[in-house]
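Reading the structure
Chain by chain, the residues run as shown.
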Amino acid sequence: MNEIKQISSLQNPLVKKIFSLKEKSRDRKKSGLFVLEGVREFNLAIKGKYHIETIFFHGPLMPIEKVRTLIQDLETPPNVIEVSKEVYQKLAHRETTEGMLALAKSKSHNLMEFPLNGKHPLILVAEAPEKPGNIGALLRTADAANLDGVLIANPKGDLYNPNIVRSSIGCIFTVNIATGTSEEIIHFLKENEIAIYCAALSSSKIYTSIDFRGANAIVVGTEATGLSEEWLKNASDNILIPMEGEIDSMNVSVSAAILIFEAKRQRAF
């Protein structure tokens, strides 16, 4: 392990850099770096083959011996910096992240590099999701169902927004993710002979009547406006979840989970 440095001042340039990376998408994109918090997220990032550049730890919460254990098997040891309580409290979103943060390098999520494993992939597509909490929940569902991946069409922000990393509880590191325009993703799915099932209210079939055992993409839109016409006109079928109450829609992550696990049920998990 490299020599352990120490930072106790809030005016330290590196502290300012971390704060800027947490707050500004522009800085994350320019530097190719993002901030993650906590041991669970750190371990999942390592499992997802993310490169960790620097670890920051607060000794009373995270003993140096534990830091050494976390990084002992890494091919390229990260820089390790101990921070004061004042600095840690400034940088950490919550004090329950066990006293550590890390700077990691982001990935490109290029659609052309999206892996298609096997003959019958099951993919979730989300068009223009805006709320970090919803995106995080979609990624958690994708991880729980062991989907082949998630495609985000017309993304509204960058995936490494700390609120997305946090709300996904690290599943952003465990799920194959790619982004692109709706047009690009539709072309990608058709080119790979993947059926497109769009969650929509009009001209739709009940989701349990669909055979999800082939190569399929389940497509969901925003709660406010649903899917764009571009998706609906290219759908293999529109599908809906019957509802018996007064409302006609649910949270997008809940709807996606219902559709995904019906597909998993048909595939005998």
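Rules and cut-offs
Residues numbered from 1 in each chain as written. Predicted model: local features only at pLDDT ≥ 70, side-chain atom pairs only at ≥ 80, totals over all residues. Heavy atoms only, no water. Helix = DSSP H or I, 4+ residues; strand = E, 2+ residues; numbered from the N terminus. Rg over C-alpha atoms; globule rule 2.2 N^0.38 Å. Buried < 20%, exposed > 50% of the residue type's maximum accessible area, 1.4 Å probe, protein only. Contact = heavy atoms within 4.5 Å. Lys, Arg positive; Asp, Glu negative; His and termini not counted. Charge placed at Lys NZ, Arg CZ, Asp CG, Glu CD. Polar contact = N/O pair within 3.5 Å; in protein donor to acceptor, adjacent residues only side chain to side chain. 1 Å grid on protein atoms, 1.4 Å probe; cavity = no way out; pocket = protein on both sides within 12 Å on 5 of 7 lines; lining within 4 Å. Points joined across faces, edges and corners; volume = space filled by probe spheres on them. Nonpolar A, V, L, I, M, F, W, Y, C, P; charged D, E, K, R; others polar.

1. Considering the overall build of the chain
A tally of regular secondary structure across the chain gives ten helices and twelve strands. Taken over the C-alpha trace, the chain has a radius of gyration of 21 Å; the compact-globule value for 269 residues is 18 Å, and the two agree within 12%. Taken across its 269 residues, the chain has 48% of its residues classed as buried. For the chain, contacts bridging at least 24 residues in sequence account for 80% of all contacts bridging at least 6. Of the charged side chains in the chain, 31 are positive and 32 negative, and the gap between their average positions amounts to 4 Å.

2. Details of the side chain of Asp158
With respect to the helices, strands and loops of the structure, Asp158 is situated in the loop between strand S7 (149-153) and helix H7 (162-167). Looking at Asp158, its side chain comes within polar contact range of the side chain of Arg28, at 2.8 Å. Setting aside residues no more than four positions away along its own chain, Asp158 makes contact with Ser25, Arg28, Lys29 and Ile164.

3. Quick notes on the layout of surface pockets
In this approach, a probe sized like a water molecule rolls over the atoms, and the result shows the empty space that is left. For the largest pocket, the calculated volume is near 450 Å³. Around the largest pocket sit 23 residues that line it, and Ala199, Ala200, Leu201, Gly226 and Ser249 are the ones nearest its centre. Per-element tally for the lining of the largest pocket: the top contributor is helix H10 (residues 252-266), with three residues. Taken together, the residues that form the lining of the largest pocket break down as 14 nonpolar, seven polar and two charged. Taken as a whole, the second largest pocket spans an internal volume of roughly 260 Å³. Around the second largest pocket sit 16 residues that line it, and Lys107, His109, Val175, Asn176 and Ile177 are the ones nearest its centre. The residue inventory of the lining of the second largest pocket, partitioned by class, reads eight nonpolar, six polar and two charged.

All we've got here are geometric facts, nothing functional implied.
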